[in-house]
Amino acid sequence: MAEAQNQNMEKEQDLGKLLKVRREKLSALQEVGKDPFLITKYDVTHHSEEIRAKFEELENKKVSVAGRLMSKRVMGKASFCHVQDLEGMIQCYVARDSLGEESYADFKKYDIGDLVGIEGFVFKTKTGEISVHAEKLTLLSRNNPHEYLCSECGKKPAAVICMECLYEFLNEVFLCEDCAKTHACDEEMRLNVCNSPRMGVCGYGGSIKYPDQFVPDAQTT
Ligand SMILES: [Zn+2]
Ligand SMILES: [Zn+2]
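Residues numbered from 1 in each chain as written. Chains lettered and ligands numbered in written order. Predicted model: local features only at pLDDT ≥ 70, side-chain atom pairs only at ≥ 80, totals over all residues.

**Some thoughts on the overall build of the protein chain**
Part 1 of the reasoning: For the protein chain, the helix and strand inventory stands at 7 helices and 8 strands.
Part 2 of the reasoning: Counting only residues that meet the buried cut, the protein chain has 26% of its 221 residues in that class.
Part 3 of the reasoning: Nonlocal contacts in the protein chain, meaning residues at least 24 apart in sequence, comprise 54% of its contacts between residues at least 6 apart. (Helix = DSSP H or I, 4+ residues; strand = E, 2+ residues; numbered from the N terminus. Buried ≥ 20, exposed ≤ 12 C-beta atoms within 10 Å, placed from the backbone. Contact = placed C-beta atoms within 7 Å.)

**Things to note about the pairing of strand β3 (residues 89-95)**
Part 1 of the reasoning: Residue alternation in β3 divides its side chains into a buried set, Ile-90, Cys-92 and Val-94, and an unburied set, Met-89, Gln-91, Tyr-93 and Ala-95.
Part 2 of the reasoning: In the sheet, strand β2 (residues 78-84) pairs with β3 via 7 bridges, with the strands oriented antiparallel. By the bridge assignment for β3, Val-83 is matched with Ile-90.
Part 3 of the reasoning: What sits between the antiparallel neighbours β2 and β3 is a turn of 4 residues.
Part 4 of the reasoning: Relative to strand β5 (residues 130-141), β3 runs parallel, the two being bridged by 3 bridges. Bridge pairing in β5 links Cys-92 to Val-132. (Pairing = 2+ DSSP bridges.)

**Considerations on the sheet that holds strand β7 (residues 173-175)**
Part 1 of the reasoning: Across the sheet, 3 strands lie side by side as β7-β6-β8; this open sheet has antiparallel pairing. Of all the strands in the sheet, the pair left with one neighbour each is β7 and β8 (190-192). For this sheet the average axis-to-axis angle between neighbouring strands, irrespective of direction, equals 30 degrees.
Part 2 of the reasoning: By the bridge criterion, 3 bridges tie strand β6 (residues 160-162) to β7 in an arrangement that is antiparallel. Pairing of Cys-162 across the sheet is with Val-173, part of β7. (Axes fitted to C-alpha atoms, helices over the stretch in contact; angles between N-to-C directions.)

**Points about the pairing of β2**
Part 1 of the reasoning: As judged from the 7 bridges shared by strand β1 (residues 62-75) and β2, these two strands associate in the antiparallel manner. By the bridge assignment, Ser-71 is partnered in β2 with His-82.

**A look at the environment of Leu-38**
Part 1 of the reasoning: Mapped onto the elements, Leu-38 comes out in the loop between α1 (2-31) and α2 (48-53).
Part 2 of the reasoning: Sequence separation of Leu-38 and Leu-140 is 102 residues, and the distance between their C-alpha atoms is 8.3 Å.

**What to know about the confidence of the model for the protein chain**
Part 1 of the reasoning: Residues of the protein chain with pLDDT of at least 70 account for 80%, and the chain-wide mean is 82.
Part 2 of the reasoning: Considering each helix and strand of the protein chain separately, the mean pLDDT is smallest for α1, with a value of 70, and largest for helix α3 (residues 55-58), with 97.
Part 3 of the reasoning: The low-confidence segment residues 202-208, where pLDDT is below 50, has 25 contacts with residues more than four positions distant or belonging to other chains.
Part 4 of the reasoning: Contacts of residues 210-221 to residues separated by more than four positions or lying in other chains number 27 contacts, the stretch itself having pLDDT below 50. (pLDDT = per-residue confidence, 0-100.)

**Regarding the nonpolar core**
Part 1 of the reasoning: Ranked by internal contacts, the top residues of the largest apolar core, which has 21 residues, are Val-83, Cys-92, Val-116, Ile-118 and Val-132.
Part 2 of the reasoning: Sorting the residues of this core by element identifies β1, β2, β3, α5 (101-109), β4 (115-124) and β5 as the ones contributing at least two each.
Part 3 of the reasoning: Once residues lying within four places of it in the same chain are set aside, the contact partners of Val-132 are Val-63, Val-65, Ile-90, Cys-92, Ile-118, Gly-120 and Val-122.
Part 4 of the reasoning: If you look at the next biggest cluster of nonpolar residues, it comprises 14 residues, including Ala-158, Ala-159, Cys-179 and Val-193. (Core = buried A, V, L, I, M, F, W, Y, C linked by C-beta atoms within 7 Å.)

**So, the sheet that holds β2**
Part 1 of the reasoning: An order of β1-β2-β3-β5-β4 is seen for the 5 strands of this closed barrel, with the pairing classed as mixed. Recorded for the sheet is a direction-independent mean angle of 55 degrees between the axes of neighbouring strands.

**Observations regarding unusual backbone geometry**
Part 1 of the reasoning: With a phi close to 70 degrees, Asn-60 is a non-glycine residue in the positive phi region.
Part 2 of the reasoning: Owing to 8 C-beta atoms within 10 Å, Asn-60 belongs among the exposed residues under this scheme.
Part 3 of the reasoning: One non-glycine residue, Leu-170, lies in positive phi territory at about 50 degrees.
Part 4 of the reasoning: When you line up the elements, Leu-170 lands in the loop between α6 (163-169) and β7.

Following this line, the structure appears as structure tokens:
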């Protein structure tokens, strides 16, 4: 029991740290005029599956793709990442020599879940994976988790909002997972609090493995 509590506390501390780091990264971008929330349009020429299907035709040709950053493997001056778009996933090769110092330094700060636009040419890696060699990167949206706290304990991040409280008493009641267990209202009347335009926070699709959690699956920086 004590051990479980300890683990919970550790998880909370990690979450606090994660939120703080992400907020700081966003502020840093906004301060230098690179506010990702100001970019409202990005022209995509191709989607992931299409690039694979038409590889022969597109090899060495310029494309621009956009999607969610799903993995990132930084290896000094060059990195690989995977971007998920409407059709699937495509690997991108991101090298300092192609992007320039500044842009590559920016890329290193991207988080899993961020929305990015990648312009570059189509090629095949030595291992045979059809990829895009990035020449220009645009950060379209930062993945900052929501910051709603539980209205009952005031400490833990909110997992659900009680619609019964909202409809019946015009009261916004946010509940963490623990407080939700003891909340009197009908369980069916709860909506998940997640990063979505509905909650006023967008740019985050949540975890693939655990759709209810708002911490990304893997942090590979
Ligand atoms: Zn609570
Ligand atoms: Zn309620």
